[in-house]
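Given next are the chains, with one letter for each unit.
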Amino acid sequence: MLPFSGNASPLPRNAGVALILALAAIVTASGLLLWLQARALHRGTSAYAALETEHLRVAAAETARAALYVLAADPDLSVDHPGEDWAQPLERDWPGGIHAWARVEDAAAYVDLNNLACSNQPGRPFSAILRNAFTACGHFEADAPVDALADYVDADTTGDYEAAFYRHADAPLLPPDRELWAPAELLHVHGFSPALFAPPAPAPDARHHRDELFGGDFRQATVLLPDAPDAPVPVNLNTATREALLAVAGIEHAATVRSAMSLRALHPFQSTTLLAAASPDLASTLEGAIDVKSAYYRVRATAEHDGRRRSILAYARRDPDGTVHLLQWLEGVS
Ligand SMILES: [Ca+2]
Ligand SMILES: [Ca+2]
């Protein structure tokens, strides 16, 4: 039986085929139209997202820059402490509902790992200070990683952990014999692993605190400053972490460190004379390792809108005349 009957004449076979082709063409055209619309919408959405990301990036960058201007305007370049304007959080509102905030941190609050690259080491050598940092953070096998880092960054090629040592590694490499520029480079150094930078084990329960002498956080003890100064970078007595002060002074001077942290909370140190006078046996070891001002800072800035964020981490050096130079500028999502 034909599909169409009654008074209507049956459609010729060719007409049916033509109808099917016409319908198929309409369906295809509709599909193509929908696809084009979806692609245009996607492109529009992508373009909007890219534009918003750029707005966030610029807002974070400008807020970081504003924070560094405050640092450059520091009225007292002879002393740096957490009560100064540059150390306070900075917030900015930007067009489009973007909110941004930035904070400058004294990078001299930590022991600079690149200090091992300096051939001149006044007072106690920074290799000894770094060993103390390891110990203060519960890592008691410090000799190998400290010697390895020293060989990795120092200019000479004499030592147990120079090229000959790494030639036989699973992934052979050549020590750069220069300052490191990124924390990731540290993981190539013998004895340095991600575990070293992991948070320390928590106290067993709320009644206990982490061990005061050996329970430190290695991330709070050291920093990697992307610069090659002529002399080691001293730790700032007014901003230093407990771990960094224990590293500089030595575990045996933990009581002095505790006193110094109590005193600076009342009034920032104007010089290191008081500390040296309080512990004469410390004076010679503090030479070149501690100061009451800083030349290195890092600024973290974040801009946010509608749950989306862009962040910036920048390292800067400030000259004795207050001029601030950017050393490293890293952008990302947070
Ligand atoms: Ca200052
Ligand atoms: Ca070397």
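Conventions adopted
- Residues numbered from 1 in each chain as written.
- Chains lettered and ligands numbered in written order.
- Predicted model: local features only at pLDDT ≥ 70, side-chain atom pairs only at ≥ 80, totals over all residues.
- Heavy atoms only, no water.
- Helix = DSSP H or I, 4+ residues; strand = E, 2+ residues; numbered from the N terminus.
- Buried < 20%, exposed > 50% of the residue type's maximum accessible area, 1.4 Å probe, protein only.
- Contact = heavy atoms within 4.5 Å.
- Areas by Shrake-Rupley, 256 points an atom, 1.4 Å probe, with all protein chains shown as cover.
- Polar contact = N/O pair within 3.5 Å; in protein donor to acceptor, adjacent residues only side chain to side chain.
- Core = buried A, V, L, I, M, F, W, Y, C linked by side-chain atoms within 4.5 Å.
- 1 Å grid on protein atoms, 1.4 Å probe; cavity = no way out; pocket = protein on both sides within 12 Å on 5 of 7 lines; lining within 4 Å.
- Points joined across faces, edges and corners; volume = space filled by probe spheres on them.
- Salt bridge = Lys/Arg side-chain N within 4 Å of Asp/Glu carboxyl O.
- Donors = N, O, S within 2.8 Å, 3.2 Å for Na, K, Ca; no water.
- Axes fitted to C-alpha atoms, helices over the stretch in contact; angles between N-to-C directions.
- Parallel < 35°, antiparallel > 145°, perpendicular 65-115°, else oblique.
- Left-handed = near helix turned anticlockwise from the far one by under 90°.
- Nonpolar A, V, L, I, M, F, W, Y, C, P; charged D, E, K, R; others polar.

Caption draft 1: Structural view of the overall build of the protein chain. The number of helices and strands found in the protein chain is 10 helices and nine strands. The proportion of buried residues among the 334 residues of the protein chain is 38%. A sequence separation of at least 24 residues applies to 63% of the contacts in the protein chain between residues at least 6 apart. Just so you have it, the protein chain exposes about 18,200 Å², and 60% of that area is on carbon and sulfur atoms.

Caption draft 2: Quick look at helix 2 (residues 126–136). What helix 2 keeps buried is the set Phe-126, Ile-129, Leu-130, Asn-132, Ala-133, Phe-134 and Ala-136. In the core, the buried residues of helix 2 are packed alongside strand 3 (111–112), helix 3 (143–153), helix 6 (218–221), strand 4 (222–223) and helix 7 (242–249).

Caption draft 3: Representation of the environment of Asp-74 within the structure. Mapped onto the fold, Asp-74 is located in the loop between helix 1 (13–72) and strand 1 (90–94). Excluding residues that lie within four positions of it along the chain, Asp-74 makes contacts with Val-79, Asp-80, Glu-84, Trp-86 and Arg-318. Within the structure, Asp-74 has its side chain in polar contact with the backbone nitrogen of Asp-76 (distance 3.0 Å). At 3.1 Å, the side chain of Asp-74 forms a polar contact with the side chain of Arg-318.

Caption draft 4: Up close: the nonpolar core. Formed by 49 residues in total, the largest nonpolar core has its most connected members in Leu-116, Leu-130, Phe-134, Leu-149 and Leu-237. Among all residues touching Leu-237, those that are not within four sequence positions of it are Leu-245, Ala-260, Arg-264, Phe-269, Leu-275, Ile-290, Asp-291 and Val-292. In this structure, Ala-67, Ala-87, Ala-102 and Ile-312 belong to the second largest nonpolar core, which totals 23 residues.

Caption draft 5: Representation of empty space enclosed by the protein. One pass over the full model with this rule turns up one cavity of 30 Å³ or more. Here the largest cavity is characterised by a volume of approximately 60 Å³. Leu-237, Leu-245, Val-248, Ala-249, Thr-256, Val-257, Ala-260, Leu-275, Leu-282, Leu-286 and Ile-290 together form the lining of the largest cavity. Those elements that place two or more of their residues in the lining of the largest cavity are helix 7, helix 8 (254–266) and helix 10 (280–286).

Caption draft 6: Representation of the pattern of salt bridges. Applying the stated criterion across every chain yields a total of 16 salt bridges. We note a salt bridge from Arg-57 to Glu-331, for which the minimum N-O separation is 3.0 Å. Placement of the pair is Arg-57 in helix 1 and Glu-331 in strand 9 (residues 324–332), with a sequence separation of 274 residues. When its relative accessible area of 35% is taken as the criterion, Glu-331 is described as partly exposed. Notably, a salt bridge pairs Arg-131 with Asp-147, separated by 2.6 Å at the nearest N-O pair. You can see Arg-131 sitting in helix 2 and its partner Asp-147 sitting in helix 3, a full 16 residues away along the chain. Where salt bridges share partners, they join Glu-54, Arg-57 and Glu-331 into one cluster.

Caption draft 7: Molecular detail of the coordination of the calcium ion (ligand 1). Distances from the calcium ion (ligand 1) to its protein donors, namely Asp-74 (OD), Asp-74 (OD), Asp-76 (O), Val-79 (O), Asp-80 (OD), Glu-84 (OE) and Glu-84 (OE), fall within the range 2.2 to 2.9 Å. Taken in chain order, the donor set of the calcium ion (ligand 1) reads D-x1-D-x2-V-D-x3-E. When its relative accessible area of 29% is taken as the criterion, Asp-76 is described as partly exposed.

Caption draft 8: Region of the structure containing the packing of helix 2 against helix 3. Put simply, helix 2 and helix 3 touch, their axes get as near as 10 Å, and they point 140° apart. Taken together, the axes of helix 2 and helix 3 are oblique relative to one another. The interaxial crossing formed by helix 2 with helix 3 has right-handed handedness. Contact residues: Ser-127, Leu-130, Arg-131 and Phe-134 in helix 2; Asp-143, Pro-145, Val-146, Asp-147 and Leu-149 in helix 3. Along the lines of polarity and charge, the residues of the contact of helix 2 with helix 3 split into five nonpolar, one polar and three charged.

Taken by themselves, the reported measurements are silent on function.
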